[in-house]
Amino acid sequence: MSSLSRDDVAKLAGLARIEMTESELVELSSQFGMILDAVARVQEMDLSGVKATSHPQPLENIARPDVVLPSLSPDEALSGAPAQEESRFRVPQILGEAE
Amino acid sequence: MIQLTAAQMADALAKDETTSVELTQAHLDRIAAVDGQVKAFLHVDSEGALAQARDVDTRRKSGEKLSAIAGVPLALKDVLAQKGVPTTAGSKILQGWRPPYDSTVVSKLKDAGVVIMGKTNMDEFAMGSSTENSGYGPTFNPWDLTRTPGGSSGGSAAAVSAFEAPLAVGSDTGGSIRQPAALTGIVGVRPTYGAVSRFGLIAYSSSLDQAGPFGRTVLDTALLHEVMAGHDPKDATSINAPVPAVVSAAKSGDVKGMKIGVIKQLQGEGYQKGVQARFDESLKVLASLGAEIVEVDCPSFEYALAAYYLIAPSECSSNLARFDAMRYGLRTGDVEGASAEAVMSATRDAGFGREVKRRIILGTYALSSGYYDAYYGSAQKIRTLIIQDYAKAFGKADVLVSPTAPTTAYKIGEKVDDPMAMYLGDVATIPVNLAGICGMSLPAGLAEEDNLPVGFQIMAPAMQDQRLYQVGASLEAALLSQWGAPILSKAPALGGK
């Protein structure tokens, strides 16, 4: 039986930038063993020599001519912004904080 | 008028027997009468819909050549961006967002003169099989309001089943069109991966996501499919090839001489008795119509569910990183001195629901160093084996078939605290997504034990979508003549019917 401790879940939540309450961490940790056991079945088959498929279509890189096409105006691009200033997205402090 | 098929509505419009405004208003009235019970819609855009309807009526009067379904109203899954209309993907993190652009599907619908009446409810970011994971409350199955309509496109399926719209758009990452179609007694198609542009489709799992049509008949579904599909330079994975002739296939509907493969692994144990019984009867019907039924073996399908619940969460953990509280959507905790990282974490906690968090954490784990090869890497190899199993099976059969879902619609709340039980409902639909091929669900009758609809799934190779419609139309016609009336006539009346 796989398991993931409350602290493991807390670490993953930190990596995924999701603040979680204590009860969420405990709940998720209790559900994870069962979920991991189920998905770990992918390791039951002999997969040696099998190639990985990341995508259902055999595509090469898709390029287009480098020409300017119509795009959103600054006002449109900013229309959903939680905060803006001087036609730019205003974001919280990203440097110099005490973490 | 709302009881007509979309094809009949289109015909009445072409003959000037009705107008799009009249047709749209009739559906808006129906929505007003029953959606309080069904809760299929998150947002009804009455004004916008009537304006589109007036426009298409004017274009028709002026003699403009219009698409086959111009003027017919439609319900749009809230996962597709529509300019100026609230678009949430069922998530609180996007509450109030109005996209500044149209998704390609919406542009195509508008160009075709299809009237978009509103946005339908869904599991948050399409993660779920019951619509209970919506941040805005569940949708209720029109067949039994204590049950789920399936999901994640449960709102779209319920809207069509409840005659709130003749057509709807959904999206299908692991069965999210076919399974709700099965549970609500309608037709739903997941087109070949790359057949319908994903531009403006809010991403869950990019290598699996595909938008597709719902209708009450195979022909209606084909008419919408033809309008939605086609190459789009804005989506690099969009297939640059002509749209398969789905409408003519739906009109011809002949299976004589076709080989139909029954997948050994997708029936029997774990399938509800009435589901298996309707499936077996449909096979007999197809045989009586001149199809040859063969059994095919797809041993790796046993691992499809496990592979899916690694690949989809892995991709979602990356895709959903864009919800960072910086450019659009919710922002919380932005107090003086708070760091960007703290604001991001607080916002994602407040904006994401339980299932979304569960899948992001699972994906983060599956992709983390030390576990990558064992989980995500192995899942990608299983994906290769599934593609190989399909290739072999399609060497023996023109289409493959199975029940769409192992059970009929279950009670609201029944599986919400048991994620694995919920995931098992996708066991028959997931292989199609992993292989990037196409699939249809159409009604096969009612299970005798609960009088709820059962779905029959048809699968075809990539870009052979017309085969789904050919077989589907043939089975539909034969079952209709057995039943004497469409399956939805057996659904209980909703208030105002």
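As a reminder, the structure under discussion sits directly above these lines.
In this report, the structure presented in the accompanying data block is examined. (Residues numbered from 1 in each chain as written. Chains lettered and ligands numbered in written order. Predicted model: local features only at pLDDT ≥ 70, side-chain atom pairs only at ≥ 80, totals over all residues.)

**Here we look at the overall build of chain A**
Okay, so step 1: Counting secondary structure elements, chain A contains 3 helices and 2 strands.
Okay, so step 2: Counting from the amino terminus, helix and strand elements in chain A follow one another as α-α-α-β-β.
Okay, so step 3: Here chain A has a C-alpha radius of gyration of 23 Å; the compact-globule value for 99 residues is 13 Å, and the former is much larger.
Okay, so step 4: Principal axes of the C-alpha set define a box for chain A whose edges measure 55 × 45 × 25 Å.
Okay, so step 5: Evaluated residue by residue, chain A yields a buried proportion of 17% over its 99 residues. (Helix = DSSP H or I, 4+ residues; strand = E, 2+ residues; numbered from the N terminus. Rg over C-alpha atoms; globule rule 2.2 N^0.38 Å. Buried ≥ 20, exposed ≤ 12 C-beta atoms within 10 Å, placed from the backbone.)

**Some remarks on the nonpolar core**
All names here are of chain B.
Okay, so step 1: Counting 180 residues, the largest nonpolar core has Ile 69, Leu 74, Ala 307 and Leu 310 as the members making the most contacts within it.
Okay, so step 2: The leading source of residues in this core is helix H10 (residues 304-319), at 10 residues.
Okay, so step 3: Beyond its immediate stretch of four places on either side in the chain, Ile 69 contacts Ala 6, Ala 10, Ala 112, Val 114, Leu 223, Leu 224 and Val 227. (Core = buried A, V, L, I, M, F, W, Y, C linked by C-beta atoms within 7 Å. Contact = placed C-beta atoms within 7 Å.)

**Some thoughts on the interface of chain A and chain B**
Okay, so step 1: Listed per partner, the contact involves 45 residues of chain A and 57 residues of chain B.
Okay, so step 2: Elements that contribute at least two residues to the side of chain A that touches chain B include exactly helix H1 (6-15), helix H2 (22-39) and helix H3 (74-77) of chain A.
Okay, so step 3: In terms of residue count, H2(A) provides more of the side of chain A that touches chain B than any other element does, 6 residues in total.
Okay, so step 4: Looking at side-chain class alone, the side of chain A that touches chain B contains 28 nonpolar, 9 polar and 8 charged residues. (Nonpolar A, V, L, I, M, F, W, Y, C, P; charged D, E, K, R; others polar.)

**A few points about the sheet that holds strand E10 (residues 438-446) of chain B**
Backbone hydrogen bonds hold the strands of a sheet together, and the pairing may be parallel or antiparallel.
Residue and element names in this part refer to chain B.
Okay, so step 1: Taken in spatial order, the 11 strands line up as E1-E3-E2-E4-E6-E5-E10-E11-E9-E7-E8 in an open sheet, and their pairing is mixed. Edge strands, defined here as strands with exactly one partner in the open sheet, are strand E1 (41-44) and strand E8 (292-296). Strand-to-strand, the axes of this sheet are offset by a mean angle of 30°, without reference to chain direction. (Pairing = 2+ DSSP bridges. Axes fitted to C-alpha atoms, helices over the stretch in contact; angles between N-to-C directions.)

**Points about the packing of H10(B) against helix H12 (residues 354-366) of chain B**
Residue and element names in this part refer to chain B.
Okay, so step 1: Where H10 meets H12, the closest approach of the two axes is 7 Å, and the angle between their N-to-C directions is 100°. In terms of axis orientation, H10 runs roughly perpendicular to H12. On H12, the residues that touch Leu 310, Pro 313, Ser 314, Cys 316 and Ser 317 of H10 are Arg 359, Ile 360, Leu 362, Gly 363, Thr 364 and Ala 366.
Okay, so step 2: Grouping the amino acids of the contact of H10 with H12 by side-chain chemistry returns 6 nonpolar, 4 polar and 1 charged. (Parallel < 35°, antiparallel > 145°, perpendicular 65-115°, else oblique.)

**Quick word on the environment of B:Thr184**
Residue and element names in this part refer to chain B.
Okay, so step 1: Relative to the elements of secondary structure, Thr 184 occurs in helix H6 (residues 178-184).
Okay, so step 2: Residues Thr 184 and Ala 409 lie 225 residues apart in sequence; the distance between their C-alpha atoms is 7.8 Å.
Okay, so step 3: Not counting residues up to four positions away in its chain, the partners in contact with Thr 184 are Asn 141, Pro 142, Trp 143, Pro 149, Gly 150, Ala 157, Ala 158, Ser 161 and Pro 453.

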